[in-house]
Amino acid sequence: MEFLTLLRSGVAACAVAAALAPAARADTIDATVVAGHPPVFLWVKTLSETFIPAVNEALEGSDYSIDWMEAYGGTLAKVGGELEVIEDGLAQIGIVSSLFEPSLLSLQNVTYATPFGSPEVDIVFGAVDKMHETIPDMRKLWENHDMEYLGGGFGLEDYLLMTNFPVNSMADLKGRKINAPGPAVNWLKETGAVGVSGNLTTYYNDIQTGVAEGVIVFPTAAAAAKLYEVAPYVTRTGFGAQYAGAIVAKKSWFEELPDAVQQAIRTGVDDFAVAYRAGLEQRVVAAFEGMEAGGAKVSVLPAEQRLEWAQSLPDIAGDWARALDEQGLDGTGVVNTYMQELKDAGVMLPRDWTVE
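Residues numbered from 1 in each chain as written. Predicted model: local features only at pLDDT ≥ 70, side-chain atom pairs only at ≥ 80, totals over all residues. Heavy atoms only, no water.

Notes on helix α2 (residues 42–59)
Definition in use: The helix count covers DSSP runs of H or I at least four residues long, the strand count covers runs of E at least two residues long, and both are numbered beginning at the N terminus. One less than the residue count of a helix, multiplied by 1.5 Å, gives the span that helix is expected to have. At every residue, the bend is computed as the angle between two fitted axes, covering the seven residues ending there and the seven beginning there respectively. Each residue is placed in one exposure class: buried if its accessible area under a 1.4 Å probe, protein chains only, is under 20% of its type's maximum, exposed if it is over 50%, and partly exposed if it falls in between. Contact definition: two residues touch when any of their heavy atoms are within 4.5 Å.
In this model α2 runs 25 Å from its N-terminal to its C-terminal C-alpha over 18 residues, within 8% of the 26 Å that 1.5 Å per residue would give. The sharpest bend along α2 measures roughly 30° and falls at Ser48. Within α2, burial applies to Leu42, Trp43, Val44, Thr46, Leu47, Phe51, Ile52, Ala54, Val55 and Leu59. Here the buried face of α2 lies against β1 (27–35), β2 (64–72), β3 (93–97), β4 (147–163), β8 (233–250) and α9 (259–293).

Looking at unusual backbone geometry
Residues other than glycine predominantly adopt negative phi, and peptide bonds predominantly adopt the trans conformation. Within the chain, Glu190 stands out as a residue other than glycine whose phi angle is a positive 65°. Tracing the backbone through its elements, the reader meets Glu190 in the loop between β5 (177–180) and β6 (194–197). Relative accessible area serves as the criterion here: at 61%, Glu190 is assigned to the exposed category. The backbone phi angle of Lys226 is positive, close to 55°, even though this residue is not glycine. Turning to its location among the elements, Lys226 is positioned in the loop between α7 (219–224) and β8. Lys226 gets classed as partly exposed once you look at its relative accessible area, which sits at 42%.

With respect to the layout of surface pockets
Cut-off, in case you're wondering: A pocket, in this scheme, is an open set of points on a 1 Å grid over the protein atoms alone with protein on both sides within 12 Å along at least 5 of 7 lines, while a cavity is a set where a 1.4 Å probe fits but cannot get out; residues line either one if an atom lies within 4 Å of a point. Grid points are joined across faces, edges and corners, and a volume is the space filled by probe spheres set on the points. Think of it as three bins: nonpolar holds Ala, Val, Leu, Ile, Met, Phe, Trp, Tyr, Cys and Pro, charged holds Asp, Glu, Lys and Arg, and polar takes everything else, Gly as well.
Each pocket or cavity is described by its volume, and for the largest pocket that value is around 1,100 Å³. Taken together, 46 residues line the largest pocket, and the ones lying closest to its centre are Leu99, Phe100, Leu156, Tyr159 and Pro181. Broken down by secondary-structure element, the contributors of at least two residues to the lining of the largest pocket are α2, β4, β7 (214–217), α7, α9 and α11 (316–326). A total of five residues in the lining of the largest pocket trace back to one element, the largest contributor, which is β4. Looking at the lining of the largest pocket residue by residue, the classes come out as 29 nonpolar, 12 polar and five charged. The computed volume of the second largest pocket comes to approximately 220 Å³.

Things to note about the nonpolar core
What counts, and what does not: What we call a nonpolar core is a set of buried Ala, Val, Leu, Ile, Met, Phe, Trp, Tyr and Cys residues that are connected through their side-chain atoms within 4.5 Å.
If you look at the biggest cluster of nonpolar residues, it comprises 115 residues, and the most contacted ones within it are Phe51, Met162, Ile216, Ile265 and Trp309. If one sorts the elements of this core by residue count, α9 sits on top with 11 residues. With sequence-adjacent residues up to four places away left out, Met162 is seen in contact with Glu213, Gly214, Val215, Val217, Ala222, Leu227, Tyr228, Ala231, Tyr233, Val234 and Met291.

Considerations on the pattern of salt bridges
Operational definition: Should a side-chain nitrogen of Lys or Arg be within 4 Å of a carboxyl oxygen of Asp or Glu, the pair is scored as a salt bridge.
In total, this model carries 14 salt bridges according to the counting rule given. For Arg277, the salt bridge goes to Asp122, with nearest N and O atoms at 3.5 Å. One end of the pair, Arg277, is in helix α9; the other, Asp122, is in helix α4 (residues 121–134), with 155 residues separating them in the sequence. Judged by its relative accessible area of 13%, Arg277 is buried. What makes Asp122 partly exposed here is its relative accessible area of 43%. Its salt-bridge partner being Lys250, residue Asp146 comes within 2.8 Å of it at the nearest N-O pair. One end of the pair, Asp146, is in the loop between α5 (136–143) and β4; the other, Lys250, is in strand β8, with 104 residues separating them in the sequence. Looking at Lys250, the relative accessible area reads 14%, which means it is buried. Residues participating in the shared-partner salt-bridge network are Glu143, Glu148, Lys251, Glu255 and Arg266.

Comments concerning helix α10 (residues 303–312)
Just so we agree on the cut-off: Within this analysis, the arc is defined by the directions that extend from the helix axis to the C-beta atoms.
Those residues of α10 that fall on the buried side of the exposure criterion are Gln305, Arg306, Trp309 and Ala310. Seen end-on, α10 carries its buried residues on one side only, within an arc spanning 135°. Opposite the buried face of α10, at more than 90 degrees from it, the exposed residues are Ala303 and Glu304. Buried-residue contacts for α10 involve β4 and β8.

Let's talk about the side chain of His145
Here His145 lies in the loop between α5 and β4. Here His145 is in contact with Leu83, Glu87 and Leu104, once residues within four sequence places are set aside.

Considering the pairing of β7
The line we're drawing: A pair of strands is labelled paired if DSSP reports no fewer than 2 bridges between them.
Of the two faces of β7, both are covered, the one formed by Gly214 and Ile216 as well as the one formed by Val215 and Val217. Across four bridges, the pairing between β4 and β7 is antiparallel. Looking at the pairing, Leu160 lines up with Val217 of β7. In the sheet, β5 pairs with β7 via two bridges, with the strands oriented parallel. Bridge assignment links Ile178 to a residue of β7, and that residue is Gly214.

Digging into the packing of aromatic side chains
Threshold: Each Phe, Tyr or Trp ring (for Trp, its six-membered ring) is paired with any other whose centre lies within 6.5 Å, and the angle between the two planes then decides the class: stacked below 30 degrees, edge-to-face above 60, tilted in between. Here, a charge over a ring means that NZ of Lys or CZ of Arg falls within 6 Å of the ring centre while also lying within 35 degrees of the ring normal.
Inspection of the entire model under this criterion finds 15 aromatic pairs. Pairing Phe51 with Trp68 gives two aromatic rings, centres 5.8 Å apart and planes at 70°, and the pair type is edge-to-face. Within this pair, whereas Phe51 is found in helix α2, its partner Trp68 is found in strand β2, the two being separated by 17 residues in sequence. Just as Phe51 is buried, Trp68 falls in that class too. Ring-pair connections join several aromatic residues into one group, and the members of that group are Tyr112, Phe116, Tyr159, Trp187, Phe218, Phe239 and Trp309. Its guanidinium or amino end placed over the ring of Phe165, Arg176 lies 3.9 Å from that ring's centre, counting from NZ or CZ.

Written as structure tokens, this is what we have:
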């Protein structure tokens, strides 16, 4: 009897211990997060230092955890190759730059078709994020590639002009060769300047060797590349902040996740957006301080000259929108909605790109 009593007590104790034991056997989900750029870029740094920890924190106390594998800087995808890597299932979540997918994610590049918008990243990123909820075609472009658009829109701060000659008016641009990235070449049409396509890896040498006499660029990149050494005249033209992409997940993978994990990931995306925008503001301030310390001469293009520049451009947005309309996409709706979002936010536009 004594043996049976001890046995029963032992079984009861084990049962209580099992009931009180922490959920150490939580389901672990494997996830590879990808970005083509290295962590020196703010959006990748924020992905690693804010998004992932925020997801982990949101999952604390749940029955789930995520075992992350971080693949940045070309280890899994080159810059512009992230969408294909996620679509193929080699990664489950990551940063996809719509800027580098002008054909597959054409509608997402609306800000580059509407220069002289808002310099405020909160307004620009928030507007395009919202449009993914209100314009079906924008989300559909992601879904065509098995992508779940999660948001956290990121991008680049207010673009400006850097030259090796002073710019006080549009007349100063006549005959000048100016480097510009991709669609930004259109921002030079009808200005008298000659647009020369280039990128961050060529700008410094192009200006130094005379291939170009200036560049359209964003401040943080300009400071990092020390472009002020060859183009010391920094003119704040107010081309506007630019949306460049977002955090997305492989849709078929994401939809199979438990609700708690999906919600944790969305919480991480929200935290990413806040941290990225705050970090970007700090970097922009530091960029201007660094350029001025290096000898840059910073000026602001007079408002009347900004207006003249914007009004002199051809119908960039209309041409872009109508070309997409012909492809069966809502190009006109995207431009017009974006313009309305900016106006509703109180942005004073030197040119309203609304498509008639």
